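Structural overview
Residues per chain are reported as follows:
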Amino acid sequence: MTSDSIDKTDSTPLLEVKNLGVSFFTPRGTVRAVRDASFTVRRGEVVGLVGESGCGKSTVAYSIMGYLPGIVQVDGEILYDGRDLVGIDESELESLRGNRIAMVYQDPQTSLNPTMKIGPQMEEVLKTHLNLGKQEIRAKAIELFESVGLASPDTIGERYPHELSGGMQQRVVIALALACEPDLLIMDEPTTGLDVTTEATILDLIVDLKDRVNAGILFVSHNLGVIARVADRVTVMYASQTVEDAQVRSIFNSPQHPYTAGLLSCVPKPANELGITPRLKSIPGSVFEARLEAGNECLFAPRCPIAKDECTQNAPQISTTDDHRVRCFFPEEVTPDIWGELKPRRDFEADDDSVVIQADDLNVRYRSRQGKKYILFGDEAQPPVRAVVDANFKVTKSRTLGIVGESGSGKSTTARALIGLTQKSSGSMRLNGDELETDSTDRTSEQRADLRMVFQNPTASLNPKLPIKHAITRSLKLFGDLDNQAAYDEARALLEAVGLNPDYIERIPSELSGGEQQRVALASAFAANPKAILADEAVSALDVSVQAQVLNLLLRNQQENETSFVFISHDLGVVRYVSDDIMVMYAGHVAEQGPADDVLSSPSHPYTEALLSAAPEPDPDATPSRIRLDGAVPTMRERFTGCFFADRCHRKIDNRCDEVEPPAQAGNSPDHIIRCHIPVDELAT
Amino acid sequence: MIEKASVTPPLFVRIKDIFKPFTNAFKTPAGRIGLPLVILHVLLAVFGSYLAPYSPTDFSDATYVRPFTDATEGSIPHILGTDQFGRDVFSRLLSGARSIILISAIGSILGVALGTAIGMSSGYLGGKSDEIIMRIADGLMSFPSLLLALLVLSVSDSLVWLDGVSSVFATGKESLLVIGTMAIVHAPRVARVLRSATLTIKTQEYVDSARLRGESAYYIIFKEILPNALPVLAVEGSVRFSYAILLASSLGFLGLGVEPPSPDWGAMISDSRSILTRAPWVPLAPAAAVASLVVGVNLLTEGIRDAQKLPTELPE
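Residues numbered from 1 in each chain as written. Chains lettered and ligands numbered in written order. Predicted model: local features only at pLDDT ≥ 70, side-chain atom pairs only at ≥ 80, totals over all residues.

Take the overall build of chain A next. A tally of helices and strands in chain A yields 23 helices and 25 strands. In terms of overall size, chain A behaves like a compact globule, its C-alpha atoms giving a radius of gyration of 27 Å where 685 residues would be expected to give roughly 26 Å. When the backbone C-alpha atoms are referred to their principal axes, chain A occupies close to 70 × 65 × 50 Å. With 685 residues in all, chain A has 49% of them scored as buried. Contacts in chain A between residues far apart in sequence, at least 24 positions, make up 69% of those at least 6 positions apart. (Helix = DSSP H or I, 4+ residues; strand = E, 2+ residues; numbered from the N terminus. Rg over C-alpha atoms; globule rule 2.2 N^0.38 Å. Buried ≥ 20, exposed ≤ 12 C-beta atoms within 10 Å, placed from the backbone. Contact = placed C-beta atoms within 7 Å.)

Dropping the structure here:
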């Protein structure tokens with residue numbers, strides 16, 4: 001930083017957003033993307049802007065940059081260094097962007113030019129904004145690459161964006177944003193597309209930058225754990241309004257708005273002192289839509305557990321005096337219990353030991369499309385990719401096996417092999433003791449009915465051109481042998497059971513929200529009472545309040561129908577919440593598996609350890625553990641030797657790790673297996 | 001195992017969905033010009049021969065009558081004049097619309113239907129059969145369509161069995177051959193496009209879901225994939241129709257596929273090209289008719305394509 005930069009303790013606001021309102025005029029009507037947002041960003045401070053999708057967080061960020069497309073009306077004030085940015089000249093704004101205000105977007109791939117090397121991209125930015133010579137620019141670029149923690153900063157400029165991993169790309173984007181030493185850095189979901197271990201390193205970088213760079217950071221995220229990790233202050237948005245704004249600790253420890261309290265109780269947390277995982281509470285209903293005109297009422301009242309008559313007769317204003325500002329008439333009534341009493345995760349114990357799903361030495365290889373070395377003859381040009389290697393697991397009745405791992409770990413492939421969408425290469429899969437054919441189409445109708453799957457993206461798993469009843473009634477007709485009328489009635493009952501209005505039955509998917517679509521997908525999976533359901537990232541695309549609803553729905557179905565689940569997620573918190581057993585996968589290999597409590601406690605596989613310490617907890621006082629992984633999950637090809645985790649392991653011991661396959665060791669219990677060369681008692685330390 | 005027969009056969013594509021691309025296209029500038037032009041031509045094809053003021057084939061003494069002038073007192077004016085044999089150009093134009101539009105429409109519909117079925121099945125099933133089908137399609141596509149049509153028509157006399165077929169449809173053998181050629185020429189091109197659309201759509205999870213329910217390949221292709229490929233199909237169908245018109249009029253111009261003296265736009269241009277300087281209206285009228293039809297169809301295609309980029313529900 002330059003030496004004349006302002007003192008850190010300076011508390012005059014750098015950015016002051018006052019009663020910001022943004023309306024888009026579209027052919028389909030006015031959209032109030034932001035109704036009333038107010039918050040402040042000071043130098044050296046990270047302000048977290050949090051809320052569910054459709055709450056206007058990104059629009060706030062974009063309106064500060066002046067990037068608002070279409071016919072738009074902006075009300076209120078955006079004071080930057082005392083100057084109002086609303087209605088400012090485009091040329092004046094242009095000089096602020098990049099120089100004084102910089103932005104980091106969600107997807108680094110779209111922010112970087114794929115045809116240009118990293119170095120020239122950086123030099124271009126420096127040339128535009130700074131008056132420096134060629135040598136100085138080069139030196140400055142290297143310095144910037146170094147400051148964001150890129151390895152070998154002097155040579156990285158010679159590489160193209162596609163040669164870098166997602167985490168490195170995001171570092172480059174942050175370096176580009178820092179290039180002109182901005183006063184204000186706006187980050188819009190900068191870690192959302194990244195794996196959890198990479199996310200942790202980027203968050204470390206942001207926390208570190210906050211101390212080094214004398215800038216204010218506005219950090220937009222939907223993830224409360226991430227916000228708790230980086231933010232000093234938090235602004236919560238609901239239905240395009242700021243509903244609460246306070247220091248990060250006040251927000252997380254004593255929320256005063258019922259919505260904030262609700263959001264926090266929707267996030268899965270570790271078991272408490274008594275070893276009981278508290279059941280997630282859920283916020284009923286859905287977000288007040290931006291296209292609706294607000295009356296004189298509290299927009300949260302329809303979903304609020306403590307709503308009174310006054311809430312529907314008057315619109316609460318955000319308090320202006322206190323340091324903890326809140327838009328609610330009764331903030332003193334907000335306690336942790338307003339969203340329901342603390343209950344255990346589920347009120348039954350699975351004691352039936354009959355095995356529902358069993359996989360023995362399951363292997364999946366992906367063959368290269370390039371074919372043979374000499375067109376038709378010779379070895380294959382590239383050896384097959386080891387997608388799943390020797391996976392052994394079983395799921396007993398009404399229990400849940402959670403599979404966790406980063407992208408590329410083979411967890412989805414395992415599910416797809418089980419369900420028969422991906423060909424297994426060897427090994428056996430059994431359902432209720434009967435061998436399953438490799439391909440879904442070769443299985444019997446009963447087997448297909450007993451083993452169902454829920455996909456990640458509800459928008460993609462429902463046919464956009466067909467009414468939602470289609471998927472449900474077809475399942476019922478094919479599996480349950482029902483006639484049209486019976487299937488129709490049953491489909492309505494199923495929709496009701498997953499908490500949807502049965503009159504939605506004739507709607508097409510685009511007329512439903514993401515959460516509602518996923519409920520339809522669940523209803524169709526629940527049709528004809530399956531014995532087991534594979535849920536592949538089934539809640540990953542959903543907002544946290546909807547995620548809680550869906551998770552509880554799954555647990556209820558498990559209780560009522562004794563269903564077994566295989567629950568796949570990259571989110572350790574979610575897996576921890578639903579699972580009885582956990583399997584940790586890395587690059588196609590099972591690193592660790594066993595009962596959930598054993599896997600989550602010491603001794604752990606180094607990878608599990610890294611995953612646990614990377615997972616952001618929604619608690620600002622949680623001490624971030626320091627185990628960080630560099631790089632990304634590699635693609636393992638055939639004829640590979642040594643430990644699958646060796647090149648990223650922080651506890652690598654000696655050559656054995658590179659040369660010998662790690663043995664399976666028993667951990668806390670005979671069912672708890674850790675694949676590592678380090679002896680178990682050493683792993684425990 | 002539950003019998004599949006207990007499942008009622010589905011109605012694959014709703015009629016409403018077929019018209020949707022066209023009604024949406026009308027909301028775009030290109031479609032607003034194209035759709036009325038196409039409808040006008042279709043109306044001509046249906047009612048043209050009844051509206052014709054003169055017989056399209058009878059010769060008269062009033063040769064080379066200029067457009068908009070009266071040949072003889074008290075008679076109906078020759079709006080577009082007469083040709084070298086005294087035939088009313090306007091009447092011939094009206095009467096000729098039906099054959100060209102009908103032949104092109106049937107030819108392209110057959111081609112699109114055949115291509116859709118082949119392309120979607122090939123794309124969905126994949127593997128070796130897909131490879132073989134696509135190489136055959138490549139082979140067919142490398143053959144110039146006009147040459148193929150000429151080849152087929154040149155052997156038409158030896159195809160005796162066709163006489164029976166043509167008498168059933170009460171039409172000339174040549175017309176059937178032209179339609180058949182169009183279907184064969186267009187099918188591989190349509191198949192290619194629909195195959196690639198299918199390849200994209202089949203990776204969607206709702207297709208996986210259907211497979212996991214145990215739906216048949218036939219059901220998945222036509223019930224799950226086809227409705228999502230309709231926008232592509234509408235564009236492709238319109239493009240094929242405009243090519244079919246050009247092929248039909250080219251063949252007419254070469255004197256193939258029509259039985260003289262019945263009016264045919266291509267043949268009309270060919271017959272009168274020698275009198276272009278003396279009576280330019282005679283060849284220009286059918287040329288303009290072909291051109292406006294092809295332009296109309298192309299604009300409609302453009303409109304359909306544009307409408308797909310717009311939000312699905314456009315404001316009225």
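Summary statistics for chain A give a mean pLDDT of 86 and a share of 96% for residues scoring 70 or more. The model gives residues 1-9 of chain A a pLDDT under 50, and that stretch makes ten contacts with residues more than four places away or in other chains. (pLDDT = per-residue confidence, 0-100.)

It is worth spelling out the pairing of strand E22 (residues 581-586) of chain A at this point. Residue and element names in this part refer to chain A. Of all six residues making up E22, six are buried, and the element is well covered by its neighbours. Here E22 shows no split at all, with Asp-581, Met-583 and Met-585 on one side and Ile-582, Val-584 and Tyr-586 on the other all buried. Taken together, the four bridges between strand E16 (residues 400-404) and E22 define a ladder with parallel strand orientation. Within the sheet, the bridge partner assigned to Gly-402 lies in E22 and is Ile-582. Taken together, the six bridges between E22 and strand E23 (residues 589-595) define a ladder with antiparallel strand orientation. Considered in E23, the bridge of Tyr-586 is made with His-589. Counted between consecutive antiparallel strands, the loop separating E22 from E23 contains two residues, among which Ala-587 sits at a positive phi close to 50 degrees. (Pairing = 2+ DSSP bridges.)

Before going further, it helps to examine helix H17 (residues 514-526) of chain A. Residue and element names in this part refer to chain A. Compared with an ideal rise of 1.5 Å per residue, which puts 13 residues at 18 Å, H17 spans 18 Å between its outermost C-alpha atoms and is within 8% of the ideal. With twelve of its 13 residues buried, H17 lies for the most part within the structure. Those residues of H17 hidden inside the fold are in contact with strand E19 (451-454), helix H14 (458-461), helix H15 (469-480), helix H16 (484-497), strand E20 (532-536) and helix H18 (544-561). (Expected span 1.5 Å × (residues − 1).)

With that settled, consider the interface of chain A and chain B. Taken together, the contacts link 26 residues of chain A with 18 residues of chain B. Take the side of chain A that touches chain B: its biggest share by element is five residues, from H15 of chain A. In terms of residue class, the side of chain A that touches chain B is made up of eleven nonpolar, nine polar and six charged. (Nonpolar A, V, L, I, M, F, W, Y, C, P; charged D, E, K, R; others polar.)

Residue and element names in this part refer to chain A. Between Ser-602 and the following residue, Pro-603, the backbone shows a cis peptide bond with an omega angle of 0 degrees. A positive phi is found at Asp-361, a non-glycine position, where the angle reads about 45 degrees. With respect to the helices and strands, Asp-361 occurs in strand E12 (residues 355-366). We classify Asp-361 as exposed; it has 12 C-beta atoms within 10 Å.

For H15 of chain A, spanning twelve residues, the distance from its first C-alpha to its last is 15 Å, which sits close to the expected 16 Å at 1.5 Å a residue. Along H15 of chain A, the residues classified as buried are Lys-469, His-470, Ala-471, Ile-472, Thr-473, Arg-474, Ser-475, Leu-476, Lys-477, Leu-478 and Phe-479 of chain A. Residues of H15 of chain A that are buried in the fold lie against helix H13 (445-450), H16 and H17 of chain A together with helix H8 (205-213) of chain B. Asp-481 of chain A sits one or two positions beyond H15 of chain A and adopts a positive phi of about 60 degrees.

The next thing to look at is the environment of Leu-146 of chain B. All names here are of chain B. In this fold, Leu-146 is placed in helix H5 (residues 145-154). Taking the C-alpha atoms as reference points, Leu-146 and Leu-125, 21 residues apart in sequence, are found 32 Å from one another. Residue contacts for Leu-146: discarding those within four places in its chain leaves Leu-247 and Ser-250.

To continue, consider the environment of Val-388 of chain A. Residue and element names in this part refer to chain A. Along the chain, Val-388 turns up in strand E15 (residues 385-396). Measuring from C-alpha to C-alpha, the distance between Val-388 and Asp-598 comes to 23 Å, with 210 residues separating the pair along the chain. Residues in contact with Val-388, not counting those within four places in the same chain, are Leu-362, Asn-363, Val-364, Gly-410, Thr-413, Thr-414, Ala-417 and Gly-588.

Right, let's get into the packing of H8 of chain B against helix H9 (residues 217-253) of chain B. Residue and element names in this part refer to chain B. Direction vectors running N to C along H8 and H9 enclose 145 degrees, while the axes themselves pass 11 Å from each other. Seen from above, H8 lies across H9 with right-handed handedness. Residue-level contacts link Tyr-206, Val-207, Ala-210 and Arg-211 of H8 to Ile-220, Glu-224 and Ile-225 of H9. (Axes fitted to C-alpha atoms, helices over the stretch in contact; angles between N-to-C directions. Left-handed = near helix turned anticlockwise from the far one by under 90°.)

With that out of the way, let us pick up the nonpolar core. Ranked by internal contacts, the top residues of the largest apolar core, which has 266 residues, are Leu-218, Phe-219, Leu-551, Val-566, Val-584 and Leu-611 of chain A. For this core, the element with the most residues is H9 of chain B, which contributes 18 residues. Filtering out sequence-adjacent residues up to four positions away, Leu-218 of chain A remains in contact with Val-41, Val-47, Leu-49, Ala-61, Leu-184, Ile-186 and Met-187 of chain A. Formed by five residues, the second largest nonpolar core is a distinct cluster that contains Ile-673, Ile-674, Cys-676 and Ile-678 of chain A. (Core = buried A, V, L, I, M, F, W, Y, C linked by C-beta atoms within 7 Å.)

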